[in-house]
Structures are given as C-alpha cells and as structure tokens.
Amino acid sequence: MARPFPLRLFAGPAEQRTAQERTEEIDLLRRSQAGDQDAFGRIVEKHWKRAFWTAYDVLYDHDHAQDVAQEAFVKVHRALQSYDLGRDFASWLYRIVLNLAIDHKRRRDRDRSIPTDKVEEVMDARKVMAEDEEKAATIERVEVILAGLPEKYRIPLTLKDIDGLSVEEVAEVLDVSYSTIRWRLHKARALFRERWRRLLQREERNDNP
Amino acid sequence: MRRSRLESLLHDYVAGDLDGDARREIELHMEREPSTRALLDEVRAAHDALQTLRERAEPPVPLPHIQAAIAAHRFDSKPVLHLRSEGTRFYRRLAMAATLLFAVTAGLFTYNRLSRPESPPRPAPPLTVFDPDRPSAEDRGLERFVEIGSSRDGITAEELIRRLEELKKDARELRVTPGYNVVPIAIESR
C-alpha cells in the first residue's frame, strides 16, 4: 500500500555516516578479523557510548548496562570471523546489545521479586553521568517517563528518536515488521507526549500554587 | 485527516523523516487549520525532550576489561567439549563407562580361556551292579530298578553317562542313590 506521505527512507546512522567513515570502519573490522587488537579497541571506543546507553534504556541500571555492553563486544569479537563486511555494523551491534539486555532484564526480574524503584535508579545514574545540571534534570525527567512506558513501545522509541535509526533499521534490529514498528512508534510517541505534557503542567502548578 | 494520522505525520515532520512534497503538504494543512499549530508545538516539545538523551554523558570505556574478557574466553574456548551441555556430558560419561566395562569383561574372559589347564580324563564313577534283591528303604518306593553297569566291568564313565541319558528319555523320574562304592540307579516307569 502506497503511503500518502512518503517517508524519507533512510535517516539512520548508516546514512548519516560519510562514505569515508564507512570505509574506515570496514578497514577496522577487516583488521580486527585478522587479529589486530588495536583495531578492535578502536571499534569498541567508537561504539561504546551507544552500546552502553542502548543497554541502559532497557535495564535502567548503570552497572548492568556496563556488563551487558561489555558482553556484547566480547560476543562481537567471537563472531567477527563470520561477520559479513557488507552488513551495517551498528545495526548488528544494536541487535546483539538489545538481545543481551532483554535477556539480562528477564533474568534479573525473575531473580528479584520486588523490582527496584526505576525512578530512583534513573536518578542515581544521572547523578553519576550528568555533566550539566539543568540538562541532567531534563534527562532525568525524560527517563522517568520512558521507564514507565511498556518495553515494546519504549525500545522502538529510543532506537528511532534517540539513537537515530530508521524505521527499517529498528524493524530489522527488533526482528518485527515495518508496519508493527510504525504502529508501536506512533503509540509510544503519543504516550510519551501525553505524559510529558502532564509532567510539565504538574511542575508548573507546583511552581505557581 | 484523522487526528491520529495527523499526529503521526507531525512526528515524522518534526523528526525530519518526510520528503519535500510531504513536508509542504503538512505546512499547507497547518495554514488551513491553525489549530494544528498547537498540536505541532506539543509534538515538538516532546521530540526535543527526547533529544536531550542524545547528549547523555560519555561513559568510560572499560577497554582493558573487554580485552581481558576476550583473552579469557579465547583461553577457555580451546576444548570444544566445554561448550557441550550437561546432558551430553552425562551420555558421554555413560558411554565411556560401558566401554570400560566391556573391555574388562572381555579381558577376563580371554584370560580365563587361555589360562585354564587341560582337563584330565575323568575316571569312571564308582558304579556297580545294583542288587535288586537288596534294595534300600528309599529304593523300595520305586516301581523298578535298572542296572546300568559298573566300572569294575570296564565300562567307561562316558558310556555310563550315555546309558543314563538313554534312561532319562524313558523315565518320568530318575533318582541316583549314592552308596559306598555302589551307585544304584533307580527309575520310575512312565
């Protein structure tokens, strides 16, 4: 079915990177496949931030996110020999990180009968990570709202609107259809927008009683 | 245009996911419907809030930990058997135990066969002619007595056994009564 408003097909990281960056990445991957540890170290440094925050957006726990991101890179290293250099590395990495994070979360939720208060975890993590107080406060509020969204809406939303993947890439990473992702994204954005609006209204009322 | 459809398109508009024609169409729609502008502001505020997460701090890269984990994995992963499940291990151990048991049994059997001494010729049992005139108390309950021969008459043990086997074919019950140098053979007729 033709879309009445054609979407720009590729707004994700693969398109945003220049051809030179892509060539450099392939070179690093090829060297890593040949056993060059320095080249692999550069790949880790380049993708660590996104891997970490992707895991964090599922787990809302700084230490667990670090464990998962670390495990993801070990897994990537193990699978490098069979990695097809024609594939987009970032999408592959996202898929590994997300699968590990979701598995980790399920195990953690099983082991923990009473879930830790996500809001407090978010705030603790922000205290550690924040560089700018005002920005950190906004990030805290956004994460509190995101943490309250169902996972099936939250993950597509963070991958698309924060990490900058295209809808096609999100569908590939999560292994669901394009139309399902479009629907979940629509639902997630609507939920987030509504909760964000209510939060701002509540804060305004508290500031001006 | 339905509101949910419009919201979805406004999100795409703000995110920069619409191409030129679609963007112009949305802008024309907003001109025709000024109330859409408020919705656009709300969508943009939510989008901008989400974008702040892109500015999250750079977490420290634990590269030495990752390299150590990779090295540890490389060391651990040499034997393929490490990757096998507990179930597979159990069956492998069971197969090894069965093989060991078979080898020990076969070895003992072969050893016994090879080390067994040559068996000497069996001497004829001390059989003699049964005296039907003086049957023992036990023998009297039987219907008849049969004399099968005596070693004193030069009959070999094999011959005595052959005769005994012949008697077994006809007898319903066959009883051998031991005695001093005398083994009377008693049978009960069918």
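Everything quoted here is computed from the prediction, not taken from an experiment.

Each value, and the rule that gives it
- Residues numbered from 1 in each chain as written.
- Chains lettered and ligands numbered in written order.
- Predicted model: local features only at pLDDT ≥ 70, side-chain atom pairs only at ≥ 80, totals over all residues.
- Heavy atoms only, no water.
- Patch = residues over 30% accessible without salt bridge, like charges linked within 9 Å, V, L, I, M, F, W, Y side chains within 5 Å.
- Areas by Shrake-Rupley, 256 points an atom, 1.4 Å probe, with all protein chains shown as cover.
- Salt bridge = Lys/Arg side-chain N within 4 Å of Asp/Glu carboxyl O.
- Helix = DSSP H or I, 4+ residues; strand = E, 2+ residues; numbered from the N terminus.
- Buried < 20%, exposed > 50% of the residue type's maximum accessible area, 1.4 Å probe, protein only.
- Contact = heavy atoms within 4.5 Å.
- Buried area = accessible area lost by both parts, 1.4 Å probe.
- Polar contact = N/O pair within 3.5 Å; in protein donor to acceptor, adjacent residues only side chain to side chain.
- Nonpolar A, V, L, I, M, F, W, Y, C, P; charged D, E, K, R; others polar.
- Lys, Arg positive; Asp, Glu negative; His and termini not counted.
- Charge placed at Lys NZ, Arg CZ, Asp CG, Glu CD.
- Phe/Tyr/Trp six-rings, centres within 6.5 Å; stacked < 30°, edge-to-face > 60°.
- pLDDT = per-residue confidence, 0-100.
- Axes fitted to C-alpha atoms, helices over the stretch in contact; angles between N-to-C directions.
- Parallel < 35°, antiparallel > 145°, perpendicular 65-115°, else oblique.
- Left-handed = near helix turned anticlockwise from the far one by under 90°.

Q: Whenever I open this one, a nonpolar patch on the surface confuses me. Can you help?
A: All names here are of chain B. On the surface, Phe-90, Tyr-91 and Leu-94 cluster together to form a nonpolar patch covering roughly 360 Å² of accessible area. Mapped onto the elements, Leu-94 comes out in helix 5 (residues 86–115). Residue Leu-94 is classed as partly exposed on the basis of its relative accessible area of 49%.

Q: What should I look at first to understand the interface of chain A and chain B in this one?
A: When the parts come together, some accessible area is lost, and that loss is often what is quoted as the size of the interface. In this assembly, 46 residues from chain A lie in contact with 44 residues from chain B. Across the chain A to chain B interface the summed buried area is about 4200 Å²; carbon plus sulfur atoms make up 61%. Two residues, Arg-189 of chain A and Asp-12 of chain B, come together in a salt bridge whose shortest N-O distance is 3.3 Å. Connecting chain A to chain B are 14 residue pairs in polar contact (both at pLDDT 80 or more). Broken down by element, the residue count for the side of chain A that touches chain B peaks at 11 residues, all from helix 3 (residues 37–59) of chain A. In the side of chain A that touches chain B, the residues fall into 22 nonpolar, eight polar and 16 charged.

Q: Looking at this structure, I do not really get a negative patch on the surface. What am I missing?
A: Residue and element names in this part refer to chain A. On the surface, Asp-63, Asp-67, Glu-71 and Asp-103 cluster together to form a negatively charged patch. Ranked by the residues each element gives to the negative patch, the list is headed by helix 4 (residues 62–79), at three residues. Secondary-structure assignment places Asp-67 in helix 4. Residue classification places Asp-67 among the partly exposed residues on the basis of a relative accessible area of 43%.

Q: Help me understand the environment of Ala-39 of chain A, please; the structure alone is not making it clear to me.
A: Mapped onto the elements of the fold, Ala-39 of chain A is located in helix 3. A relative accessible area of 0% places Ala-39 of chain A in the buried class.

Q: Would you explain the packing of aromatic side chains in this entry?
A: What describes a pair of aromatic rings is the distance from one ring centre to the other and the angle between the planes of the rings. Residues and elements named next belong to chain A. Applying the stated rule across the entire model yields 10 aromatic pairs over all chains. Ring centres of Phe-52 and Trp-53 lie 5.0 Å apart, and the angle between their planes is 85°; this geometry places the pair in the edge-to-face category. Comparing Phe-52 with Trp-53, the two get one shared label, buried. Between Phe-192 and Trp-196 the ring centres are 6.1 Å apart and the planes differ by 10°, which places this aromatic pair in the stacked class.

Q: Help me understand the pattern of salt bridges in this model?
A: Where side chains of opposite charge bring their charged atoms close, a pairing between them can arise. In total, this model carries 19 salt bridges over all chains according to the counting rule given. The partner of Asp-17 of chain B in a salt bridge is Lys-160 of chain A, and the shortest N-O contact between them spans 2.5 Å. You can see Asp-17 of chain B sitting in the loop between helix 1 (3–15) and helix 2 (20–32) and its partner Lys-160 of chain A sitting in helix 8 (residues 151–162), one on each of two chains. Of the two residues examined, Asp-17 of chain B and Lys-160 of chain A, each falls in the buried class. Between Glu-194 of chain A and Arg-197 of chain A there is a salt bridge, with its nearest N and O atoms 2.7 Å apart. In this pair, Glu-194 of chain A and Arg-197 of chain A are both assigned in helix 10 (residues 178–207), three residues apart and thus about one turn of the helix distant. On the basis of relative accessible area, Arg-197 of chain A is assigned to the partly exposed category, the value being 27%.

Q: Explain the confidence of the model for chain A here, please?
A: Segments scoring low in pLDDT should not have their predicted coordinates read at a detailed level. On average, residues of chain A score 82 in pLDDT, and 81% of them are at 70 or above. When the criterion is pLDDT under 50, residues 1–15 of chain A qualifies, and its contacts beyond four places in sequence or with other chains add up to 42 contacts.

Q: Help me out: how do you make sense of the packing of helix 3 of chain A against helix 8 of chain A in this one?
A: Residue and element names in this part refer to chain A. At a minimum axis distance of 10 Å, the contact between helix 3 and helix 8 shows a crossing angle of 160°. Taken together, helix 3 and helix 8 sit at an angle that is classed as roughly antiparallel. Judged by the twist between their axes, the crossing of helix 3 over helix 8 is right-handed. Each of Thr-54, Asp-57 and Val-58 in helix 3 lies in contact with helix 8, whose residues at this interface are Glu-151, Arg-154, Ile-155, Thr-158 and Leu-159. Here the contact of helix 3 with helix 8 is composed, by residue class, of three nonpolar, two polar and three charged.

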